[in-house]
Amino acid sequence: MPLAKPFVLGNWKMNGLRADGEALALALVERQQGAVRKGTLGICPPATLLAPIHDLLAGSGILLGGQDCAPAPAGAFTGDISAPMLADVGCRLVIVGHSERRHGHGEDDRLVRAKAAAGHAAGLLVVLCVGETEAERDAGAAIDVLGRQLEGSLPDGASADNLVVAYEPVWAIGTGRTASVEEVAAVHAHLRARLGVLADGGEALRLLYGGSVKPANAGEIMAIPDVDGVLVGGASLDAGQFDAIYSAGQGAADPVSSRR
Ligand code: PGA
């Protein structure tokens, strides 16, 4: 799937009952109508809302995604949701390796890699998250940790058409703290160079930043040349804020398009 900058993806996490989730999706669709904007907008509602929201998004251009998927396509895995199930309900993408899965559910790189491969097998765009903890950053180990996560969880056959990497420093998620422009620029430049080594054409992969992205900081973050968009948690639960984040990325140049 060719993705243009800015790619703004909302991760609703475990938020949204039917009424408010559908109202939020409808509010986003209304804001999209008649607005000619570049880039790509997507949302990842909880699994229980994927089917009704898929219908509400019809014709809006807003991509629907899952927040996670199982490594297996089907079977005796109580409570899990497979990538083919996500595709079947109309998802175009899936997030894997979010820190709330890596740290809250003990998912390691091997499992994340298997989930990413499952997403690809189902024809989904995979949004692969990596991020260091505060202790790892303080110890000066951020780049090493990110390199290990990338190497360990990047599936075979990753390309700019089927995979996006999201850098989400764990200490910035839901905390109101964002990495500085310099920190994000340094990490993203490193990730891009590393991807160029790890995957054929890897330097053209889209890179998102995530962690306390708000309308007030989204513009400066997306102005960083190696940032192609943002993964938004808390602020994606408010249509006005999420839309303002998308608008904030409209002025940013797209250096990656010339690399493809
Ligand atoms: P946040 O979450 O925007 O609430 O910090 C980001 C994420 O976890 O994707």
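In the block above lies the structure referred to throughout.
Residues numbered from 1 in each chain as written. Predicted model: local features only at pLDDT ≥ 70, side-chain atom pairs only at ≥ 80, totals over all residues. Heavy atoms only, no water.

1. Remarks on the site of the ligand
Link 1 in the chain: Taken together, the neighbourhood of the ligand is formed by 13 residues, with Lys13, His98, Glu168, Gly174 and Ser212 sitting nearest.
Link 2 in the chain: Residue Lys13 places a side-chain N or O atom 2.7 Å away from an oxygen atom belonging to the ligand.
Link 3 in the chain: A distance of 2.8 Å is found between an oxygen atom of the ligand and a backbone nitrogen or oxygen belonging to Gly234.
Link 4 in the chain: Coverage of the ligand by the protein amounts to 97% of the 290 Å² it exposes when considered alone.
Link 5 in the chain: Because more than half of its atoms lie within 2 Å of the grid, the ligand is assigned to the second largest pocket.
Link 6 in the chain: The class makeup of the residues in the shell around the ligand is four nonpolar, seven polar and two charged. (Near = heavy atom within 4 Å. Polar contact = N/O pair within 3.5 Å; in protein donor to acceptor, adjacent residues only side chain to side chain. Areas by Shrake-Rupley, 256 points an atom, 1.4 Å probe, with all protein chains shown as cover. 1 Å grid on protein atoms, 1.4 Å probe; cavity = no way out; pocket = protein on both sides within 12 Å on 5 of 7 lines; lining within 4 Å. Sits in = over half its atoms within 2 Å of the grid points. Nonpolar A, V, L, I, M, F, W, Y, C, P; charged D, E, K, R; others polar.)

2. Brief notes about the packing of helix α7 (residues 142-153) against helix α8 (residues 181-198)
Link 1 in the chain: Close contact between α7 and α8 brings their axes to 11 Å; oriented N to C, the two are set at 35°. Seen along the crossing, α7 lies across α8 with a hand that is right-handed. Touching Ile143, Leu146, Gly147, Leu150 and Glu151 of α7 are Val187, His190, Leu191, Arg194, Leu195 and Leu198, all from α8.
Link 2 in the chain: Among the residues forming the contact of α7 with α8, the class breakdown is seven nonpolar, two polar and two charged. (Axes fitted to C-alpha atoms, helices over the stretch in contact; angles between N-to-C directions. Helix = DSSP H or I, 4+ residues; strand = E, 2+ residues; numbered from the N terminus. Left-handed = near helix turned anticlockwise from the far one by under 90°. Contact = heavy atoms within 4.5 Å.)

3. Let's talk about the layout of surface pockets
To find leftover empty space, a probe the size of one water molecule is rolled over the atoms.
Link 1 in the chain: Quantified by volume, the largest pocket comes out at close to 640 Å³.
Link 2 in the chain: Elements supplying a minimum of two residues to the lining of the largest pocket: α4 (99-102) and α5 (109-121).
Link 3 in the chain: Looking at the lining of the largest pocket, its residues break down into twelve nonpolar, seven polar and seven charged.
Link 4 in the chain: By volume, the second largest pocket is sized at about 170 Å³.
Link 5 in the chain: Along the wall of the second largest pocket there are 17 residues; nearest its centre are Lys13, Gly174, Ser212, Gly233 and Gly234.
Link 6 in the chain: Taken together, the residues that form the lining of the second largest pocket break down as five nonpolar, nine polar and three charged. (Points joined across faces, edges and corners; volume = space filled by probe spheres on them.)

4. Here we look at the pattern of salt bridges
Link 1 in the chain: Under the definition given, this model contains 17 salt bridges.
Link 2 in the chain: Of the charged contacts in the structure, one is a salt bridge between Arg206 and Asp254, with a shortest N-O distance of 2.8 Å. Pair noted here: Arg206 is in strand β7 (residues 206-210) and Asp254 is in the segment after α10 (239-248), with a separation of 48 residues, a long-range link.
Link 3 in the chain: Looking at Arg206, the relative accessible area reads 3%, which means it is buried.
Link 4 in the chain: Connected through shared salt-bridge partners, Arg192, Arg206, Asp226, Asp228 and Asp254 make up one network. (Salt bridge = Lys/Arg side-chain N within 4 Å of Asp/Glu carboxyl O. Buried < 20%, exposed > 50% of the residue type's maximum accessible area, 1.4 Å probe, protein only.)

These values are about where atoms sit, not about what they do.
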